[in-house]
Amino acid sequence: MYDIRAILGRWVHPALLVVLVLLLTYGAVFLQTAVRGDGSWARQMQGVALGLVLMTVVWLFDYRRLQHWLLPLFAFNIFLLVSPRIPILGHTVSGATRWISVPGIGTVQPSEPAKVITIILLAAIIARYGGKIEDWRTFVKVVAISMVPFFAVMTQPDLGTGLVFLIVMVGMLFIGGAKLRYMATLIVGGVLAITLVFVVNVHTFDQTRRGGEGDYLLIRTYQLNRLHVFLDQGASDPRGAGYDLNQSKIAIGSGGMSGKGLGEGTQSQLDFISERATDYIFSVLGEETGFVGAIALIGLYMALMIVALSIAASSDDIFGTLICTGIVCMWAFQVLQNIGMTMGMMPITGIPLPFMSYGLSAIVTNIIACGVLFSIWSRRPYQGRTRGGSHEITIN
């Protein structure tokens, strides 16, 4: 006979399952109030269903086999990142080419699944050095591989997603045993590179771009406007570049302690908040459920991170630990950046809030990431009881 308790104990992480269900429920409820029946909610639920199916497949798959698939994974990742530039596939919205058109599905953002694939690639490469990156050549090689997806998404352009790749790289290098002086050099070099980009950008204004209106080649005008809004919020045009941020802050502030009630938020329901189903979904939540609802969501995210870190600690190989680390870095930065930008505490970037923002690619990718965590958990060194104990799997 089968010992069900043993099977569940081996394969299911109860806390991760509960947090995932709560986050998906939370996301479904607030997305429905944000989109108000325009068809986006149904598409999102289709994405959740697809994600759960793929999560189960990944869950049952032994993640350790991925260490031997580096070249196919790298090639597939490159294809995903450059696919929006392929004329027959690419789909452009508001001057950004970040999506591809898939028959029967619609538009898909390939950079979302590329996040998880990049995490797996970096984990496999770093794991080969046993948690100690002690020479410059190895360090530079890992950084160079990490910069490929960064530069690819920056050409789309997509600064938010590019920053996710950088944060994941730094977190995984740190856990992977890179020397502190290497990390310090990388950070200083990054700051100098950013400074150089801003200096060069001043001299790259092209009058022929964007229908003759002109634009900068490295950092676009709208990106500069967003940075200016963040740095000088009081002086920003409330009807221009600062409009979205001002409306978001009004919505969150007016929610008070307990909110105005589901579907009763004036800023969101009267269309004062643009992109309320994607970039500013937290503003909708803050207005309708107030401080209590916002803290509840943040608590769920904290629980998700803690669970993922506990799975990392339970893994008996550094490959699994590094994958968990990368996933935590991905989620943590997206949560911090998205929530922070809605309150004026972080620069405005188009980063979705995990499990909450509308987007088929994002919701499927985040659920698959949970499947990877389940796969790592289910293949940990099992600490069940000795033969005859209640945790033993026996078959008669």
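Residues numbered from 1 in each chain as written. Predicted model: local features only at pLDDT ≥ 70, side-chain atom pairs only at ≥ 80, totals over all residues. Heavy atoms only, no water.

Draft legend 1. Geometry of helix H10 (residues 243–254). Between its first and last C-alpha, H10 extends 16 Å over twelve residues, near the 16 Å set by a 1.5 Å rise per residue. Every buried residue of H10 is accounted for by Leu245, Gln247, Ser248, Ala251 and Ile252. End-on, the buried residues of H10 take up no more than an arc of 165°, which puts them together on one face. (Helix = DSSP H or I, 4+ residues; strand = E, 2+ residues; numbered from the N terminus. Expected span 1.5 Å × (residues − 1). Buried < 20%, exposed > 50% of the residue type's maximum accessible area, 1.4 Å probe, protein only. Arc of directions from axis to C-beta.)

Draft legend 2. The packing of helix H7 (residues 159–175) against helix H13 (residues 318–342), seen in detail. Direction vectors running N to C along H7 and H13 enclose 140°, while the axes themselves pass 9 Å from each other. The orientation of H7 with respect to H13, classified from their angle, is oblique. Viewed along their axes, H7 and H13 form a crossing whose handedness is right-handed. Side by side, H7 and H13 meet where Gly160, Leu163, Val164, Ile167, Val168, Gly171, Met172 and Ile175 of the first sit next to Leu322, Thr325, Gly326, Cys329, Met330, Phe333 and Gln334 of the second. (Axes fitted to C-alpha atoms, helices over the stretch in contact; angles between N-to-C directions. Parallel < 35°, antiparallel > 145°, perpendicular 65-115°, else oblique. Left-handed = near helix turned anticlockwise from the far one by under 90°. Contact = heavy atoms within 4.5 Å.)

Draft legend 3. Seen up close, the packing of helix H5 (residues 111–127) against H13. At a minimum axis separation of 8 Å, H5 and H13 run at an interaxial angle of 140°. Here H5 lies oblique to H13, going by the angle between them. Crossing of H5 over H13 shows right-handed handedness. Contacts from Lys115, Ile119, Ile120, Ala123, Ala124, Ile126 and Ala127 in H5 reach Ile318, Phe319, Leu322, Ile323, Gly326, Ile327, Met330 and Gln334 in H13. A class-by-class count of the residues in the contact of H5 with H13 yields twelve nonpolar, two polar and one charged. (Nonpolar A, V, L, I, M, F, W, Y, C, P; charged D, E, K, R; others polar.)

Draft legend 4. Region of interest: the side chain of Ser361. Here Ser361 shows up in helix H14 (residues 360–378). Among the polar contacts made by the side chain of Ser361, one reaches the main-chain amide nitrogen of Gln109 at a distance of 2.7 Å. (Polar contact = N/O pair within 3.5 Å; in protein donor to acceptor, adjacent residues only side chain to side chain.)

Draft legend 5. Inspection of the environment of Ala42 at higher detail. Positionally, Ala42 belongs in helix H3 (residues 40–60). The class of Ala42 is partly exposed, set by a relative accessible area of 40%. C-alpha of Ala42 to C-alpha of Ala28: the two residues are 14 residues apart in sequence and 9.6 Å apart in space.

Draft legend 6. Geometry of the packing of aromatic side chains. Overall, the coordinates contain nine aromatic pairs when judged by the stated rule. When the ring of Tyr63 is compared with that of Phe319, the centres are 5.8 Å apart and the planes differ by 20°; the resulting orientation is stacked. With Tyr63 in the loop between H3 and helix H4 (70–82) and Phe319 in helix H13, the pair connects residues that are 256 residues apart, well separated along the chain. As far as burial versus exposure is concerned, Tyr63 and Phe319 are alike and both buried. (Phe/Tyr/Trp six-rings, centres within 6.5 Å; stacked < 30°, edge-to-face > 60°.)

Draft legend 7. Quick peek at the environment of Ile167. By secondary structure assignment, the location of Ile167 is in helix H7. Residue Ile167 is classed as partly exposed on the basis of its relative accessible area, which comes to 34%. When the C-alpha positions of Ile167 and Phe333 are compared, they lie 7.3 Å apart, and in sequence the two are 166 residues distant. Setting aside residues no more than four positions away along its own chain, Ile167 makes contact with Cys329 and Phe333.

Draft legend 8. Just unusual backbone geometry, in detail. A positive phi is found at Phe355, a non-glycine position, where the angle reads about 70°. Within the secondary structure layout, Phe355 lies in the loop between H13 and H14.

Draft legend 9. Expanded view of the confidence of the model for the protein. In the predicted model, the protein carries a mean pLDDT of 81, and 81% of its residues have values of at least 70. Taken as a whole, residues 384–396 scores under 50 in pLDDT and shows 24 contacts with residues more than four places along the chain or in a different chain. (pLDDT = per-residue confidence, 0-100.)

Draft legend 10. The pattern of salt bridges, seen in detail. Enumeration over the complete set of coordinates arrives at four salt bridges. Notably, a salt bridge pairs Asp62 with Arg64, separated by 2.9 Å at the nearest N-O pair. We note a salt bridge from Glu112 to Lys115, for which the minimum N-O separation is 3.1 Å. Residue Glu112 and its partner Lys115 are both found in helix H5; the two are separated by three residues, about one turn of the helix. Note on Glu112: relative accessible area 3%, which makes it buried. If you follow the salt bridges from partner to partner, you end up with Asp62, Arg64 and Arg379 in one network. (Salt bridge = Lys/Arg side-chain N within 4 Å of Asp/Glu carboxyl O.)

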